[in-house]
Amino acid sequence: MTDPQVALLMLGIFILLVFLGFPIAFTLMALGIGFGYYAYFDAGRMWRAFNRLGEDADWWTTNTTWFEGFLNNRIFDLFINQTYTVMSNEVLTAVPLFLFMGYIVERANIVDRLFTTLNIASKNVPGSMGVAALITCALFATATGIVGAVVTLMGLLALPAMLKARYSTSFASGIICAGGTLGILIPPSIMLIVYAAASGVSIVRLYAGALLPGLVLVGLYILYVVGRAILQPSVAPRPTDEEVPDVPFGRLAVMIATSFLPLALLIFSVLGSILFGLATPTEAASIGALGGMLLAVAYRAMTFQRLRESVYLTVRTTAMVCFLFVGSYTFSAVFSYLGGEQLISEFVGGLNLTPLQFLIMAQIIIFLLGWPLEWSEIIIIFVPIFLPLLPMFGVDPLFFGILVALNLQTSFLTPPMAMSAYYLKGIAPPQVQLPQIFAGVMPFLFMVFVAMALVYIFPQTVFYLPELFYGR
Amino acid sequence: QAPIVMKMQTSWPASDIWMDFAREYTGRVEAMSGGRIKVDLLPAGAVVAAFQVMDATNDGVIDAAHSVPVYWYGKSKAASLFGTGPVWGGNANTMLGWFYQGGGADLYRELTQDILGLNVYGFMGFPMPAQPFGWFKGEVNTAADLNGFKYRTVGLAADLLQSMGMSVAQLPGGEIVPAMERGVIDAFEFNNPSSDLRFGAPDVAKNYYLSSYHQASESFEFLFNKDFFDDLDEDLQAILKYAVEAASTSNTALAMREYSNDLAKIENELGVTVHRTSKDILAAQLKAWDALIEELGKDAFMAKVMDSQRAWIEKVGYYELMNSPDLGLAYDHYFPGRLKL
Amino acid sequence: MLRFIAFADKLSGFFGKSFGWLIVLMTFGMSYEVFVRYLLNKPTPWSLDVSFIMYGTLFMMGGAYTLSRGGHVRGDFVYRLWPARVQAGVDLVLYVLFFFPGILALVFSGWKYAARSWSYPGGEVSVNSPAGIPIYQFKTVLVVAGLLLLIQGLAQVCRCILCLREGYWRRPEEDVEETEALLLKQKAQENG
Ligand code: NA
Ligand code: NA
């Protein structure tokens with residue numbers, strides 16, 4: 001067996017173990033060390049001290065020195081070195097801060113204020129409640145980098161309201177699932193930080209690059225909702241005055257000022273200072289977390305209990321993401337040391353693909369991986385397999401990253417691991433069934449592909465803002 | 001017999017001109033050993049991060065490294081004295097002379113092996129041209145203008161500029177421009193026009209300041225894992241060692257050609273204003289070195305190294321400076337009006 | 001065995017949660033840097049070092065805590081369909097093969113790595129800034145995190161054995177839930 005074949009075996013075993021459901025970070029660590037032991041096995045070096053023992057060495061020294069030889073493999077030093085590299089990774093320092101900010105903000109009763117206000121403001125638009133729900137989600141997405149809470153909060157708030165207004169069950173639940181997933185695409189997205197750390201693309205350029213495609217996707221979602229409401233009014237009837245009261249303009253303005261403005265200020269100070277290069281993402285994230293705390297205090301939603309919850313959740317999610325990095329750094333170092341990366345490059349190079357064919361192939365693979373796996377595993381472990389191939393096809397890793405981020409929207413929506421749909425099912429009234437949710441999600445999945453196609457046809461949607469802000 | 005494969009990692013990004021310099025070394029090693037040594041030359045990050053090559057060489061994770069001593073000055077500030085230290089009045093060539101003929105190599109061995117217990121050999125090569133003060137978005141004309149900048153440099157230069165009111169971050173070359181875009185730093189120097197150009201400095205700053213005392217001399221450090229080196233046949237050891245001297249000359253020639261070509265490109269094609277650092281800032285730098293030298297001298301080993309350097313420069317510098325004709329005058333004679341000294 | 005599990009859960013929880021509060025410190029520390037850097041034009045020399053030391057310590061110390069609460073991501077789309085005993089059997093084998101070797105390497109190599117850092121005169125300091133922020137204690141985190149994971153891993157093995165015997169999983173005492181999980185649970189209680 002040649003070394004590159006061993007590397008493929010390593011990848012194969014890894015995929016098998018993923019199916020067995022063992023925590024992936026530790027699987028990666030163990031495989032990295034195990035195969036690394038083979039890759040770095042060098043008897044001369046490992047038993048150098050043993051071989052240099054004189055004739056007069058006693059029994060004890062002889063045996064312990066011989067045993068120490070087994071532990072003298074360079075993989076152990078490499079493993080520690082890689083682990084320390086993750087621990088001192090400056091880009092990843094923003095991860096716990098943005099998580100913390102997200103956990104604080106989602107506990108600050110912002111979503112319900114926002115939705116109530118927008119619901120009234122958009123009353124005369126076809127499919128008004130759906131539009132209000134989507135805009136609430138999109139705004140909230142610029143304040144949080146995670147998924148989950150938004151779906152459940154909106155599921156508790158907007159879904160019953162829509163059902164009461166006789167919205168079609170699957171239409172309404174599709175809106176919530178798709179809207180609730182936007183937080184991971186629109187900056188400050190944790191997913192993009194993780195992609196930055198995995199690919200070496202500048203995080204600020206990724207944030208700038210994701211902004212327009214994110215808006216394109218939101219726009220397509222809204223277009224779909226409005227269009228469907230016009231063509232088929234029965235799925236989204238106009239709410240009665242009882243369901244959504246008419247509010248005089250003056251009071252509406254006050255509602256907007258108290259619900260939207262503080263959040264907008266927070267968002268602007270965080271995203272604005274990152275994009276204009278006024279502060280590092282880490283610094284901006286800390287300001288966001290601080291601002292989130294102040295906002296929560298202002299809305300009387302800040303309790304010690306909630307702060308504590310946010311802290312503990314931050315630890316767990318950060319540890320989850322960063323241990324994946326610890327595992328994958330060692331795994332991929334060994335994988336490429338054995339020549340696995342090279343083998344894949346040669347294989348893909350031999351297929352004679354056009355750049356478009358390559359992109360489509362890569363995105364289909366990532367889409368399919370999104371069924372069984374979650375975004376963190378895909379970005380940290382599988383996307384790096386594609387990254388070395390990008391220069392071969394002249395694909396900018398920034399562009400690729402945005403396509404991946406769009407694509408992974410689907411990983412929350414497609415079974416069997418459709419987290420958004422499961423969250424919604426969990427809190428929705430019993431008559432809402434999973435098949436209805438999935439049926440409702442389908443058109444939104446289609447919109448994700450439309451957005452990807454648009455981004456591909458008009459790459460300036462990705463490049464315009466980074467070039468504007470950073471000049472290249 | 002199969003060749004011995006030496007894994008050598010640098011501290012430079014793959015696109016840096018210093019990878020070409022390192023290739024001049026590895027090419028010489030392979031040619032001189034008649035193929036008995038094959039070098040697997042890797043850029044920063046291929047095995048370990050740029051600042052971790054000393055640890056990795058010590059552990060044997062890599063066999064050799066192409067780096068500079070300031071990158072491991074977290075283990076001892078004295079490391080920087082073998083890379084970029086105080087400006088006593090000599091250039092990098094003078095300091096390389098100190099290393100090989102003035103007692104520097106012994107002191108280096110004492111630091112790495114006796115004091116820090118590192119399992120490595122190190123050799124110095126390629127006396128670098130003095131390093132520009134670097135890249136700023138706006139103009140900096142006086143020492144007071146430097147206040148509040150978050151500036152990238154390395155080694156004792158970091159301590160120096162910190163004492164001049166800047167806040168200093170040390171980053172490997174490949175991380176400078178991303179850090180600038182992220183706002184981690186707002187001004188920086190790396191080393192020379194070619195490296196600076198290749199990692200994209202002109203995209204993020206338009207004022208380039210040449211001439212400075214912060215890193216007036218430096219050389220590459222060629223590191224070898226001690227066990228790896230000791231196990232080699234004597235002639236191969238000699239090849240690894242003396243190829244450093246050979247590459248030193250070829251690097252110098254290549255640097256002359258490329259650095260000056262790229263400076264012209266930076267100045268004429270990319271809209272960068274090239275300045276000489278002001279007298280005010282240079283004077284402040286020397287004053288700051290005074291204070292730093294006194295501070296460092298409290299450490300017995302650093303005092304010993306600096307005494308040795310001072311003694312060398314006092315004698316050699318006197319000879320060099322007294323002896324060298326005013327080249328500016330000659331240049332101005334043949335290319336009038338070009339110099340802005 | 002139950003007592004050991006409870007002990008490990010408590011220990012991991014104690015370290016993970018205590019070091020979790022670093023996030024609040026980090027929030028204020030970085031906010032302070034923003035204040036002095038952009039408003040007073042006096043950036044600190046230590047913010048970069050301190051931020052990654054806090055981040056690195058936080059997530060490493062949280063590793064065992066996350067393990068005890070089942071928070072490390074797994075591809076469980078097949079796993080979740082199995083009966084508890086099958087899950088426990090598979091987990092038990094995989095813990096022995098794919099958990100302890102890596103964690104033992106973390107402890108022993110981490111020890112070597114940290115010990116070297118302590119051994120330099122005055123201890124190793126960060127190379128990222130001239131502020132001279134010590135990092136030997138930070139490298140020691142590798143060892144402590146490894147030991148905590150080792151203890152928690154043994155507790156997880158005990159869990160597997162108990163589950164094989166009893167046919168159901170012994171869950172850790174819950175202390176906090178994701179918002180969505182909390183809402184899901186509330187809803188379930190309302191409905192049932
Ligand atoms: Na977001
Ligand atoms: Na420099």
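It should be noted that the structure appears before, not after, this text.
Residues numbered from 1 in each chain as written. Chains lettered and ligands numbered in written order. Predicted model: local features only at pLDDT ≥ 70, side-chain atom pairs only at ≥ 80, totals over all residues. Heavy atoms only, no water.

Draft legend 1. Inspection of the overall build of chain A at higher detail. Of the regular secondary structure elements, chain A holds 24 helices and zero strands. Projected onto its principal axes, the C-alpha coordinates of chain A cover approximately 100 × 55 × 50 Å. Taken across its 472 residues, chain A has 62% of its residues classed as buried. Excluding contacts between residues fewer than 6 apart, the proportion of contacts in chain A whose partners are at least 24 apart in sequence is 80%. Accessible area for chain A stands at about 16,600 Å²; split by element, carbon and sulfur atoms hold 69% of it. The centroid of the 19 positive side-chain charges in chain A is displaced by 15 Å from the centroid of its 22 negative side-chain charges. (Helix = DSSP H or I, 4+ residues; strand = E, 2+ residues; numbered from the N terminus. Buried < 20%, exposed > 50% of the residue type's maximum accessible area, 1.4 Å probe, protein only. Contact = heavy atoms within 4.5 Å. Areas by Shrake-Rupley, 256 points an atom, 1.4 Å probe, with all protein chains shown as cover. Lys, Arg positive; Asp, Glu negative; His and termini not counted. Charge placed at Lys NZ, Arg CZ, Asp CG, Glu CD.)

Draft legend 2. Highlighting the interface of chain A and chain C. Contacts between the two partners involve 80 residues from chain A, matched on the other side by 71 residues from chain C. In total, chain A and chain C occlude about 6,500 Å² of area from one another, counting both sides; carbon and sulfur atoms represent 75% of this. The largest contributions to the chain A side of the interface with chain C come from Phe22(A), Met87(A) and Arg316(A), which together make up 12% of the buried area. Our count for the contact surface shared by chain A and chain C stands at two salt bridges. Between Lys112(C) and Asp77(A) there is a salt bridge, with the nearest N and O atoms lying 3.0 Å from each other. There are five residue pairs in polar contact (both at pLDDT 80 or more) connecting chain A and chain C. (Buried area = accessible area lost by both parts, 1.4 Å probe. Salt bridge = Lys/Arg side-chain N within 4 Å of Asp/Glu carboxyl O. Polar contact = N/O pair within 3.5 Å; in protein donor to acceptor, adjacent residues only side chain to side chain.)

Draft legend 3. Seen up close, the coordination of the sodium ion (ligand 2). All names here are of chain B. Distances from the sodium ion (ligand 2) to its protein donors, Gln131 (OE1), Glu189 (OE), Glu189 (OE), Phe190 (O) and Gln215 (OE1), fall within 2.2 to 2.5 Å. All donors to the sodium ion (ligand 2) come from one chain, and their sequence spacing reads Q-x57-E-F-x24-Q. One end of the pair, glutamine 131, is in the loop between strand S4 (120-127) and strand S5 (134-136); the other, glutamate 189, is in the loop between strand S8 (187-188) and helix H8 (193-198), and 58 residues separate them in sequence. (Donors = N, O, S within 2.8 Å, 3.2 Å for Na, K, Ca; no water.)

Draft legend 4. A look at the pattern of salt bridges. Counted under the stated rule, the structure contains 30 salt bridges over all chains. Close ionic contact of Lys7(B) with Asp40(B) constitutes a salt bridge, the shortest N to O distance being 2.7 Å. Here Lys7(B), found in strand S1 (residues 4-10), pairs with Asp40(B), found in strand S2 (residues 37-42); they are 33 residues apart in sequence, far enough to count as distant. Residue class for Asp40(B) comes out partly exposed when judged on its relative accessible area of 25%. Between Arg310(B) and Asp307(B) there is a salt bridge; the shortest N-O distance is 3.1 Å. One end of the pair, Arg310(B), and the other, Asp307(B), are both in helix H13 (residues 300-323), three residues apart, so they sit about a helical turn from each other. We classify Asp307(B) as partly exposed; its relative accessible area is 44%. Through salt bridges with shared partners, one network takes in Asp55(B), Asp59(B), Lys75(B), Arg116(C), Glu124(C) and Lys139(C).

Draft legend 5. Looking closely at the side chain of Ser217(B). All names here are of chain B. As for its position among the elements, serine 217 is in the loop between strand S9 (207-210) and strand S10 (219-225). Among the residues examined, serine 217 registers a relative accessible area of 8% and is labelled buried. If sequence neighbours within four positions are ignored, serine 217 has contacts with Gly83, Thr84, Asn91, Ala92 and Met95.

Draft legend 6. Inspection of the state of the cysteines at higher detail. In total, this model carries zero disulfides over all chains according to the counting rule given. Cysteine Cys177(A) is unpaired, with the sulfur of Cys137(A) as its nearest cysteine sulfur at 9.9 Å. For Cys177(A), a relative accessible area of 0% translates into the label buried. Cys163(C) forms no disulfide, and the closest cysteine sulfur to it belongs to Cys160(C), at a distance of 7.4 Å. Take Cys163(C): its relative accessible area is 0%, and that puts it in the buried class. (Disulfide = S-S within 2.5 Å.)

Draft legend 7. Quick peek at a nonpolar patch on the surface. Residue and element names in this part refer to chain A. Side chains of Leu356, Ile360, Ile364, Leu368, Trp371, Leu454, Tyr456, Ile457 and Phe458 sit close together on the surface and give an oily, nonpolar patch of about 810 Å² of accessible area. Within the residue set of the nonpolar patch, elements represented by two or more residues are helix H18 (355-369) and helix H23 (434-457). Top contributing element to the nonpolar patch by residue count: H18, with four residues. Structurally, tyrosine 456 can be placed in helix H23. (Patch = residues over 30% accessible without salt bridge, like charges linked within 9 Å, V, L, I, M, F, W, Y side chains within 5 Å.)

Draft legend 8. Examining the pairing of S2(B) more closely. All names here are of chain B. Of the strand pairs in this sheet, S1 and S2 are connected by six bridges, and their pairing is parallel. Bridge pairing in S2 places lysine 7 opposite aspartate 40. A crossover connection joins S1 to the parallel S2 through helix H1 (residues 17-32); in handedness this β-α-β unit is right-handed. (Pairing = 2+ DSSP bridges. Right-handed = clockwise from strand over helix to strand, strands pointing away.)

Draft legend 9. Structural view of helix H4 (residues 92-101) of chain B. Residues and elements named next belong to chain B. Listed as buried for H4 are Ala92, Thr94, Met95, Leu96, Trp98 and Phe99. Buried residues in H4 make contact with helix H3 (79-82), helix H5 (104-115), S4, S10, helix H11 (234-269) and H13. Backbone geometry just downstream of H4 places glycine 103 in the positive-phi region, at approximately 100°.

Draft legend 10. View of unusual backbone geometry. Residues and elements named next belong to chain A. Going from proline 187 to proline 188, the amide bond is cis rather than trans, its omega being 0°. Locating proline 188 in the fold gives a position in the loop between helix H11 (169-180) and helix H12 (190-199). One non-glycine residue, arginine 166, lies in the positive phi region at around 65°. In this structure arginine 166 comes out as partly exposed when scored by relative accessible area, which is 46%. Despite not being glycine, asparagine 352 shows a phi value in the positive range, around 55°.

Draft legend 11. Representation of the sheet that holds S8(B). All names here are of chain B. Read across the sheet, six strands follow the order S7-S6-S8-S5-S9-S11 without closing on themselves; strand pairing throughout is mixed. Each edge of the sheet is formed by a strand with only one pairing partner; in this case those strands are strand S7 (167-169) and strand S11 (273-276). Across two bridges, S5 lies against S8 in antiparallel orientation. Looking at the pairing, tryptophan 135 lines up with phenylalanine 188 of S8. Docked against the sheet, H11 engages S5, S9 and S11, running at close to 140° with respect to S9. (Axes fitted to C-alpha atoms, helices over the stretch in contact; angles between N-to-C directions.)

Note that every value here comes from positions in space, so none of it alone points to a role or purpose.
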